[in-house]
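Residue-level structural notes
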Amino acid sequence: MSRILEEDARLKACDSIVPVPLSRTRLRERGYNQAELIANHIAKITEKNLLNVLKRIKHTQAQANLSRKERIENVREAFVADNKVNGLRIIVIDDVFTTGSTLNECAKALYKKGAKEVYGLTFASAI
């Protein structure tokens, strides 16, 4: 896996790695953010900056049991980004890709604050 991460052109060109944040409630329940753990590992392998510049401003339902339409609505406008992303090329890290709703909303928030490019990277895909 590390060879793939080191050779991917988008990862090479990016400035920073950004994990998808959990809500405070979900973080308290779980005790950790799996996307942040993955992002930390990727940042070390690729020697990229890890930035926690996304904030979840809306506590959302767990996506697992929702329909596609419900997932899209569930995370709509759930994130805001910090101004530190202006001009940066960013890789957003999440654990599972199902509909892309979460990554899409994170990208919207990052672009609103001036991110130059935003890519998503996950390590599992729902089937």
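In case you missed it, the structure is sitting above this.
Below, the structure is looked at part by part.

Calculation rules
Residues numbered from 1 in each chain as written. Predicted model: local features only at pLDDT ≥ 70, side-chain atom pairs only at ≥ 80, totals over all residues. Heavy atoms only, no water. Helix = DSSP H or I, 4+ residues; strand = E, 2+ residues; numbered from the N terminus. Polar contact = N/O pair within 3.5 Å; in protein donor to acceptor, adjacent residues only side chain to side chain. Contact = heavy atoms within 4.5 Å. Pairing = 2+ DSSP bridges. Axes fitted to C-alpha atoms, helices over the stretch in contact; angles between N-to-C directions. Salt bridge = Lys/Arg side-chain N within 4 Å of Asp/Glu carboxyl O. Buried < 20%, exposed > 50% of the residue type's maximum accessible area, 1.4 Å probe, protein only. Parallel < 35°, antiparallel > 145°, perpendicular 65-115°, else oblique. Left-handed = near helix turned anticlockwise from the far one by under 90°. Nonpolar A, V, L, I, M, F, W, Y, C, P; charged D, E, K, R; others polar. Right-handed = clockwise from strand over helix to strand, strands pointing away.

The next subject is the side chain of Glu105. With respect to the element layout, Glu105 can be found in helix α6 (residues 101–112). Separated by 2.9 Å, the side chain of Glu105 and the backbone nitrogen of Glu77 make a polar contact. Contacts of Glu105, omitting those with residues within four sequence positions, involve Val75, Arg76, Glu77 and Phe79.

It is worth spelling out the sheet that holds strand β2 (residues 49–50) at this point. Neighbouring strands of a sheet are bound in pairs by backbone hydrogen bonds; such pairs are parallel or else antiparallel. An order of β2-β1-β5-β6 is seen for the four strands of this open sheet, with the pairing classed as parallel. The open sheet is flanked by β2 and β6 (117–125), the only strands paired with a single partner. Taken together, the two bridges between strand β1 (residues 16–19) and β2 define a ladder with parallel strand orientation. Looking at β2, one finds that Ile17 is bridged to Leu50. Each of β1, β2, β5 (89–97) and β6 touches helix α4 (residues 34–46); the most contacted strand, β5, lies at about 135° to it. Contacting β5 and β6, α6 runs over the sheet at an angle of about 160° to β5.

With that out of the way, let us pick up the pattern of salt bridges. Two side chains bearing opposite charge may form a pair once their charged atoms approach each other closely. With the rule as written, the count across this model stands at four salt bridges. Between Arg26 and Glu29 there is a salt bridge; the shortest N-O distance is 3.8 Å. Linking Arg26 with Glu29, this pair stays in helix α3 (residues 24–30), spanning three residues, or about one helical turn. Owing to a relative accessible area of 16%, Arg26 belongs among the buried residues under this scheme. Between Lys108 and Glu105 there is a salt bridge, and its shortest N-O distance comes to 3.1 Å.

Moving on: the packing of helix α5 (residues 68–75) against α6. Across the interface, α5 lies against α6 with an axial gap of 9 Å and an inter-helix angle of 30°. Accordingly, the angle class assigned to the pair α5 and α6 is roughly parallel. By crossing handedness, the relation of α5 to α6 is classed as right-handed. Residue-level inspection shows Arg71, Ile72 and Val75 of α5 in contact with α6, the latter providing Ser101, Thr102 and Glu105. Each residue belonging to the contact of α5 with α6 can be placed in one class, and the counts come to two nonpolar, two polar and two charged.

Note on strand geometry: in a regular strand, side chains alternate between the two faces of the sheet. Sheet analysis places β1 next to β5, joined by four bridges and oriented parallel. Bridging across to β5, Val18 finds its partner in Val92. Here eight bridges tie β5 to β6, and the two strands are oriented parallel to one another. In the strand pairing of β6, Ile90 is matched with Val118. For the handedness criterion, the β-α-β arrangement of β5, α6 and β6 is classed as right-handed.

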